[in-house]
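So the chains spell out like this:
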Amino acid sequence: MCGHEKKDSFRSNRQRMLDWDLAGRDINDRRVLAAMAEVPREEFVTGSYRSQAYSDGPLPIGMGQTISQPYIVALMTQELHVDPECEVLEIGTGSGFQTAVLSKLAKKVYTIERFGELAASAQAVLRKLDISNVEFHVGDGSCGWPASKLPPSGCFDRIMVTAAVPRIPMPLVRQLVEAGFAVVPVGHGGSQRLVRCEKKAGELDEKTICDVRFVKLVGKHGFQQ
Ligand code: SAH
């Protein structure tokens, strides 16, 4: 296939993903669907995985990590209720695909990744896509965004965690604004729940959305390994 034929096939596969895997299920927030339409997932995977970019499953991205399934990215984004004024903290940059989707909906995204290699390649892809409202940090996201670099408000309107935690890390609870939302996979191994939380009077009010399977968040307030 030559370059533009490939482009056309990515475009038609992306449309099929939007119609069947997202809108055809329960993704009905038009802003989320528009953001998913705007971000080319093939840019976030390499080599032979590019041809599978629009199959509805996770794919390897190196360092033993995966880019999440498109439906789950859309569902988590929909549950987060991001509006254009929001400052969003994302833990687990990975490929940067979810970061890019969030960047289309938010004022600014702050994203933390444990592996410098993944953060660097995500940063390069976002630069190529002309996305400029994202700040990257390499470190342990279970400890939250570094205090010395916090936005002026001192906390975030929304928090998304894209790796599973044994319980919601306290530093993240502290960095979530009152009445803000967080979407987090919670649980061990084969038994994880995707949880949507609202901060009310300093505590998290949790609601389970569905069962999920994510890689582990490895860190001080996550899993040991
Ligand atoms: N949203 C990403 C999913 C990446 S998988 C995507 O769609 O590509 C989860 C990511 O969390 C992995 O890249 C993993 O390295 C990262 N991670 C695991 N523990 C972490 C921690 N303590 N701090 C920051 N990132 C972490």
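Please refer to the structure higher up on the page.
What about the nonpolar core?
Okay, step 1: Ranked by internal contacts, the top residues of the largest apolar core, which has 50 residues, are Leu 22, Ile 27, Met 36, Phe 44, Leu 80, Val 82 and Phe 97.
Okay, step 2: Among the secondary structure elements, those contributing two or more residues to this core are α1 (3-22), α2 (30-38), β1 (59-62), α3 (70-80), α4 (97-105), α5 (116-128), β5 (134-138) and β7 (176-188).
Okay, step 3: Broken down by element, the residue count for this core peaks at 7 residues, all from α3.
Okay, step 4: The contacts of Met 36, once residues within four sequence positions are left out, are Arg 14, Met 17, Leu 18, Leu 22, Pro 70, Val 73, Ala 74, Phe 97 and Val 101.
Okay, step 5: With 20 residues, the next largest nonpolar core counts Ile 159, Leu 176, Ala 182 and Leu 217 among its residues.

Structural notes on the environment of Ala 34
Okay, step 1: Looking at where Ala 34 falls in the secondary structure, it is placed in helix α2.
Okay, step 2: Looking at Ala 34, the relative accessible area reads 39%, which means it is partly exposed.
Okay, step 3: Residues Ala 34 and Leu 18 lie 16 residues apart in sequence; the distance between their C-alpha atoms is 9.2 Å.

Quick notes on the sheet that holds β5
Okay, step 1: With mixed pairing, 7 strands are arranged side by side in an open sheet as β5-β4-β3-β6-β7-β8-β9. Where the open sheet ends on each side, the last strands, each with one partner, are β5 and β9 (203-212). Between one strand and the next, the sheet's axes are offset by a mean angle of 15 degrees, whatever the strand orientation.
Okay, step 2: Taken together, the 9 bridges between strand β8 (residues 191-200) and β9 define a ladder with antiparallel strand orientation. Across the sheet, the residue bridging to Arg 193 is Asp 211, located in β9.

Let's talk about the environment of Phe 136
Okay, step 1: Of note, Phe 136 is situated in strand β5.
Okay, step 2: For Phe 136, a relative accessible area of 17% gives the class buried.
Okay, step 3: In this structure the C-alpha to C-alpha distance between Phe 136 and Thr 111, which are 25 residues apart in sequence, comes to 5.1 Å.
Okay, step 4: Among all residues touching Phe 136, those that are not within four sequence positions of it are Thr 93, Thr 111, Ala 119, Ala 122, Gln 123, Leu 126, Trp 145 and Lys 149.

Re the pairing of strand β6 (residues 156-161)
Okay, step 1: Among the 6 residues that make up β6, 5 are buried, leaving the element largely enclosed by the rest of the structure.
Okay, step 2: As paired elements, strand β3 (residues 87-91) and β6 share 4 bridges and run parallel to each other. Opposite Ile 91, over in β6, you have Val 161 as the bridge partner.
Okay, step 3: As for the winding sense of the linkage, the β-α-β connection from β6 through helix α6 (residues 170-175) to β7 is right-handed.

Regarding α3
Okay, step 1: In terms of burial, α3 is a largely internal element, 11 of the 11 residues being buried.
Okay, step 2: When α3 is considered as a whole, its buried residues turn out to be Pro 70, Tyr 71, Ile 72, Val 73, Ala 74, Leu 75, Met 76, Thr 77, Gln 78, Glu 79 and Leu 80.
Okay, step 3: The first or second residue beyond α3 is His 81, which carries a positive phi of 50 degrees.

A few points about unusual backbone geometry
Okay, step 1: Its identity is not glycine, yet His 81 carries a phi of approximately 50 degrees, on the positive side.
Okay, step 2: Relative to the helices and strands, His 81 resides in the loop between α3 and β3.
Okay, step 3: His 81 gets classed as partly exposed once you look at its relative accessible area, which sits at 43%.

Things to note about the site of the ligand
Okay, step 1: Ser 95, Glu 113, Asp 140, Gly 141 and Val 218 are the nearest of the 23 residues found near the ligand.
Okay, step 2: In the environment of the ligand, a nitrogen atom lies 2.8 Å from a nitrogen or oxygen atom belonging to the backbone of Gly 141.
Okay, step 3: Between the ligand and Val 218 there is a distance of 2.7 Å, counted from a nitrogen atom to a backbone nitrogen or oxygen.
Okay, step 4: For the ligand, whose accessible area on its own is 580 Å², the fraction buried by protein is 99%.
Okay, step 5: When residues of the shell around the ligand are traced back to their parent elements, those giving at least two are β2 (65-67) and β4 (108-113).
Okay, step 6: Residue classes in the shell around the ligand are distributed as 8 nonpolar, 11 polar and 4 charged.

The rules behind the values
Residues numbered from 1 in each chain as written. Predicted model: local features only at pLDDT ≥ 70, side-chain atom pairs only at ≥ 80, totals over all residues. Heavy atoms only, no water. Core = buried A, V, L, I, M, F, W, Y, C linked by side-chain atoms within 4.5 Å. Buried < 20%, exposed > 50% of the residue type's maximum accessible area, 1.4 Å probe, protein only. Helix = DSSP H or I, 4+ residues; strand = E, 2+ residues; numbered from the N terminus. Contact = heavy atoms within 4.5 Å. Pairing = 2+ DSSP bridges. Axes fitted to C-alpha atoms, helices over the stretch in contact; angles between N-to-C directions. Right-handed = clockwise from strand over helix to strand, strands pointing away. Near = heavy atom within 4 Å. Polar contact = N/O pair within 3.5 Å; in protein donor to acceptor, adjacent residues only side chain to side chain. Areas by Shrake-Rupley, 256 points an atom, 1.4 Å probe, with all protein chains shown as cover. Nonpolar A, V, L, I, M, F, W, Y, C, P; charged D, E, K, R; others polar.

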